[in-house]
Amino acid sequence: MSQYMVEIMLPAVMSEEFTGKIPAQKKKINEMMEQGQLMSYALSDDYSKLWCVVRGESEFEVMSVISEFPLIDFMDPKISKLMFNNVVALRLPMFSLN
């Protein structure tokens, strides 16, 4: 399974309809991360762009995944297949039984 970077442009002006869907968007993102469909999700400081790394077999499958976002009607996504995606994993210290 491949990973894809999805860069999403957001509207410059956020309508009431947009802001009303933010809680549903957050819930959906959390579900997708728990299911392993989304590897990361980030928002720019000025709220103009989102980036997420999505797992999928094809660009079509990735588009199908992000089409489930409650805010998809307000998004302009650009999808790029990644060769690799290095991330820092949470590393807990070794637990000693001594």
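Residues numbered from 1 in each chain as written. Predicted model: local features only at pLDDT ≥ 70, side-chain atom pairs only at ≥ 80, totals over all residues. Heavy atoms only, no water.

## Quick notes on the overall build of the chain
In step 1: A count of helices and strands for the chain gives three helices and four strands.
In step 2: Element order for the chain, N to C, with α for helix and β for strand: β-α-α-β-β-α-β.
In step 3: Of all 98 residues assigned to the chain, the portion counted as buried reaches 24%.
In step 4: For the chain, the exposed area adds up to about 7,200 Å²; of that, 56% sits on carbon and sulfur atoms. (Helix = DSSP H or I, 4+ residues; strand = E, 2+ residues; numbered from the N terminus. Buried < 20%, exposed > 50% of the residue type's maximum accessible area, 1.4 Å probe, protein only. Areas by Shrake-Rupley, 256 points an atom, 1.4 Å probe, with all protein chains shown as cover.)

## Things to note about the pairing of strand β1 (residues 2-9)
In step 1: Of the strand pairs in this sheet, β1 and strand β3 (residues 49-56) are connected by eight bridges, and their pairing is antiparallel. Paired with M9 across the strands is K49, a residue of β3. (Pairing = 2+ DSSP bridges.)

## As for the packing of aromatic side chains
In this description, a pair of aromatic rings is defined by centroid distance and the angle of the planes.
In step 1: Under the definition given, this model contains two aromatic pairs.
In step 2: Relative to F74, the ring of F18 lies with its centre 5.3 Å away and its plane at 90°, an arrangement referred to as edge-to-face. One end of the pair, F18, is in helix α1 (residues 16-20); the other, F74, is in the loop between α3 (59-66) and β4 (76-81), with 56 residues separating them in the sequence. The residues F18 and F74 share a single accessibility class, namely buried.
In step 3: With 6.4 Å between their ring centres and 90° between their planes, Y41 and F69 make a pair best called edge-to-face. Of this pair, Y41 sits in strand β2 (residues 38-43) while F69 sits in the loop between α3 and β4, and the two are 28 residues apart along the sequence.
In step 4: By relative accessible area, which is 29% here, Y41 ends up partly exposed.
In step 5: Accessibility expressed as a relative area gives 2% for F69, which makes it buried. (Phe/Tyr/Trp six-rings, centres within 6.5 Å; stacked < 30°, edge-to-face > 60°.)

## With respect to the pattern of salt bridges
In step 1: On inspection of all chains with the given rule, the structure shows five salt bridges.
In step 2: Its salt-bridge partner being K28, residue E68 comes within 3.1 Å of it at the nearest N-O pair. Placement of the pair is E68 in the loop between α3 and β4 and K28 in helix α2 (residues 22-35), with a sequence separation of 40 residues.
In step 3: One salt-bridge network, held together by shared partners, links K28, E31 and E68. (Salt bridge = Lys/Arg side-chain N within 4 Å of Asp/Glu carboxyl O.)

## What to know about the sheet that holds β3
In step 1: With respect to topology, four strands assemble into an open sheet ordered β2-β3-β1-β4, the strand pairing being antiparallel. Every interior strand has two partners, whereas the edge strands, β2 and β4, have only one. Neighbour-to-neighbour, the strand axes of the sheet open up by a mean angle of 20°, direction not taken into account.
In step 2: Strand direction decides the pairing type here: β2 and β3, joined by five bridges, are antiparallel. Note on β3: the bridge partner recorded for A42 is W51. (Axes fitted to C-alpha atoms, helices over the stretch in contact; angles between N-to-C directions.)

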